[in-house]
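Residue strings, one per chain:
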Amino acid sequence: MLVAVFVVVVAVVGFGVTERNQASARRRIEERFQTRGSLAARFMANYVRQITKQEQDQAAKYWSGRVPTDGEFQQFVDAFGFQAAVLLDGQGRLLRVAPASPALLGQPIAQNYTHLQAAVTGRNAVSDVVPSAARNEPVIAFAVPLPQGQDARVFSGAFQVQSTPLAAFLNDASPIRGAANYLVDGKGILAATNDRSAPAGTALETGVPGLARATGAEGRYQADGESIYFVAEAVEGTTWRVLLTAPVAALYEPVSDTRWGSLALAAALTIAAAAAGILFLRNTAAREALERVTRTDALTGLPNRRHIEEFLDMALAAAARHGQQIGVLMADIDHFKAVNDTHGHRCGDEVLADIGARLAKAVRRDELVGRWGGEEFIVILPLTDADATYRAAERLRVVVGAADAATSDKAPVRVTMSIGGAVGDSDADALVDAADAALYAAKKAGRDRVAMASEGAAAI
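Chemist: How should the packing of aromatic side chains be read in this particular structure?
Modeler: How two aromatic rings sit relative to each other is given by the distance of their centres and the angle of their planes. Scanning all chains against the criterion turns up eight aromatic pairs. With centroids separated by 5.4 Å and ring planes inclined at 90 degrees, the aromatic side chains of F76 and F155 adopt a geometry described as edge-to-face. Of this pair, F76 sits in helix 2 (residues 70-80) while F155 sits in strand 6 (residues 153-159), and the two are 79 residues apart along the sequence. Across the pair, F155 and F76 agree in class, each one buried. A ring pair is formed by F142 and W240, whose centres lie 6.4 Å apart and whose planes are at 85 degrees; its orientation type is edge-to-face.

Structural data, given as structure tokens:
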């Protein structure tokens, strides 16, 4: 009788533990899927910055003080891989167009396009899906101002996004069976997708109505009687959104009810199996606790150097696959010794913990902040170029200096932070060393500032 009761109790406990483990595993799967969305949006934003910067640099270089011939303009457009392009004067009138359309020259076309209007006023702009000026085909355009004294101009090149690396990235953004990914403009038009049932150029409301009606950064919707999980991320510097979706059944397949239920039932068949199951769970919990200890800084609760180095290697591998760079920030609390000397080491520890918590709250979901050692922190920014790395560093510097640290000391303790940044795509050690050298330059220049590594040297 006692044996039977023990088996029943073990079975009930086993099912309860299994359900909790399953729920925890599902949350981790959702978090990983959300991170995929963040990385996709980061890749898109980085691509936009690169295209507009190249446009601006090259167009200004070749067309300074003159209007290119039709042939020169077409060669430039072909070199970039644009499907269409326009060159405007400072009033938005058409100087050149590709493919060539002489009848359009001299017409004030900027008034017809929001992104061209923005560029005429001096701002980089990326369009929603628009018809090209030459062929009336649906494209997305990148418009940049080319100030040249009184002879200001605007260049805008357009892609059919489905033929760019953006679409290729969407095809590979998720390995889950049945996953569908979408790049949607500010008007709800699909710019690119790997969903054959909803081709680019159609409205999301028409192609995927359930997803169009869904709100929030993540959640579920119904499509053809099936539950679909989605994440939505805004693409910085554009009106676009990246939407990643996956059937719930496929998303949670690694922790399906059938598999976990079978494990729990097997654990309840015999007393020996039940006892082994309890021992396994205890050992698993112990291993998980040990893993957390070995990967976490005890004072701040942030990832420690071991965890950071593993994440850095993975971020560099992902960057190499997509031909991108990552950013690394080395951040150091200014005059931290004075905090310890004035308020004591206990207060100094509280300051470190508070600053670590603020940094962790300020970074994005796909970024990692960890404690490198002493009063030094490191931040890893996946798929990030130099400009975005600098902006992230400035944001964190302001966050640290904006308020007193939360301590038990009655006297207010406010600190500042110097930050060095670097970008790269291959060598982890060289990247960290470059960020560290930039941090030294920021300290030397007066502290409470950001310095970026540039061509092997740090530049303020």
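There's more to say after this.
Chemist: Looking at this structure, how should I read the pairing of strand 14 (residues 376-381)?
Modeler: Counting buried positions along strand 14 yields six of six residues, so the element is predominantly enclosed. Both faces of strand 14 are covered, namely the face carrying E376, I378 and I380 and the face carrying F377, V379 and L381. For strand 12 (residues 326-333) and strand 14, the ladder comprises six bridges, and the chain directions are antiparallel. By the bridge assignment, G327 is partnered in strand 14 with L381. Pairing of strand 13 (residues 368-373) with strand 14 involves five bridges; the strand directions are antiparallel. Bridged to G373 within strand 14 is E376. What sits between strand 13 and strand 14 in their antiparallel hairpin is a turn of two residues, with G374 showing a positive phi close to 55 degrees.

Chemist: What am I meant to see in the pairing of strand 12 here?
Modeler: Successive residues of a regular strand alternate their side chains across the two faces of the sheet. Among the eight residues in strand 12, eight count as buried, and that is most of the element. Alternating positions in strand 12 separate into two faces, I326, V328, M330 and D332 on one and G327, L329, A331 and I333 on the other, with burial throughout. Strand direction decides the pairing type here: strand 12 and strand 15 (residues 417-424), joined by eight bridges, are antiparallel. Bridged to D332 within strand 15 is S418.

Chemist: How do you make sense of the sheet that holds strand 7 (residues 180-184) when you look at a structure like this?
Modeler: With antiparallel pairing, the five strands of this open sheet are ordered in space as 8-7-11-10-9. Only two strands of the sheet have a single neighbouring strand rather than two, namely strand 8 (190-193) and strand 9 (218-223). Taken pair by pair, the neighbouring strands of this sheet meet at an average axis angle of 25 degrees, ignoring direction. Relative to strand 8, strand 7 is paired through three bridges, and the arrangement is antiparallel. Each bridged residue has a counterpart across the sheet, and for L183 the counterpart in strand 8 is A192. Strands in contact with helix 4 (residues 165-172) are strand 7, strand 8 and strand 11 (241-247); relative to strand 7, the strand with the most contacts, it is inclined by about 150 degrees.

Chemist: Just to check I follow, could you spell out the environment of A85 for this structure?
Modeler: Structurally, A85 can be placed in strand 1 (residues 84-89). The buried category is assigned to A85, whose relative accessible area is 4%. Considered as a pair, A85 and F155 are 70 residues apart in the sequence and their alpha carbons are 7.4 Å apart. Contacts of A85, omitting those with residues within four sequence positions, involve F73, V77, R96, V97, A98, F155, S156 and G157.

Chemist: What exactly am I supposed to notice about the environment of L431 here?
Modeler: Of note, L431 is situated in helix 14 (residues 428-444). Its relative accessible area of 5% is what places L431 among the buried residues. The sequence separation of L431 and L329 amounts to 102 residues, and the corresponding C-alpha distance is 9.5 Å. Those residues in contact with L431 that lie beyond four places of it in its chain are L312, L316, I326, V328, A422, V423 and G424.

Chemist: Help me understand the pattern of salt bridges in this model?
Modeler: When the charged atoms of two side chains lie near each other, side chains of opposite charge can form a pair. With the rule as written, the count across this model stands at 22 salt bridges. A salt bridge links R371 to D297; the nearest nitrogen and oxygen atoms lie 3.2 Å apart. In this pair, R371 is assigned in strand 13 and D297 in the loop between helix 9 (271-295) and helix 10 (305-321), connecting sequence segments 74 residues apart. The pair formed by R371 and D297 is uniform in burial state, with each residue classed as buried. Residue R306 is joined to E310 by a salt bridge in which the shortest nitrogen-to-oxygen separation is 3.5 Å. With R306 and E310 both in helix 10 and four residues apart, the pair spans about one turn of that helix. On the basis of relative accessibility, which here comes to 37%, the residue R306 falls in the partly exposed class. Its relative accessible area of 30% is what places E310 among the partly exposed residues. One connected set of salt bridges, linked through shared partners, spans R49, E236, R364, D385 and R391.

Definitions and limits used
Residues numbered from 1 in each chain as written. Predicted model: local features only at pLDDT ≥ 70, side-chain atom pairs only at ≥ 80, totals over all residues. Heavy atoms only, no water. Phe/Tyr/Trp six-rings, centres within 6.5 Å; stacked < 30°, edge-to-face > 60°. Helix = DSSP H or I, 4+ residues; strand = E, 2+ residues; numbered from the N terminus. Buried < 20%, exposed > 50% of the residue type's maximum accessible area, 1.4 Å probe, protein only. Pairing = 2+ DSSP bridges. Axes fitted to C-alpha atoms, helices over the stretch in contact; angles between N-to-C directions. Contact = heavy atoms within 4.5 Å. Salt bridge = Lys/Arg side-chain N within 4 Å of Asp/Glu carboxyl O.

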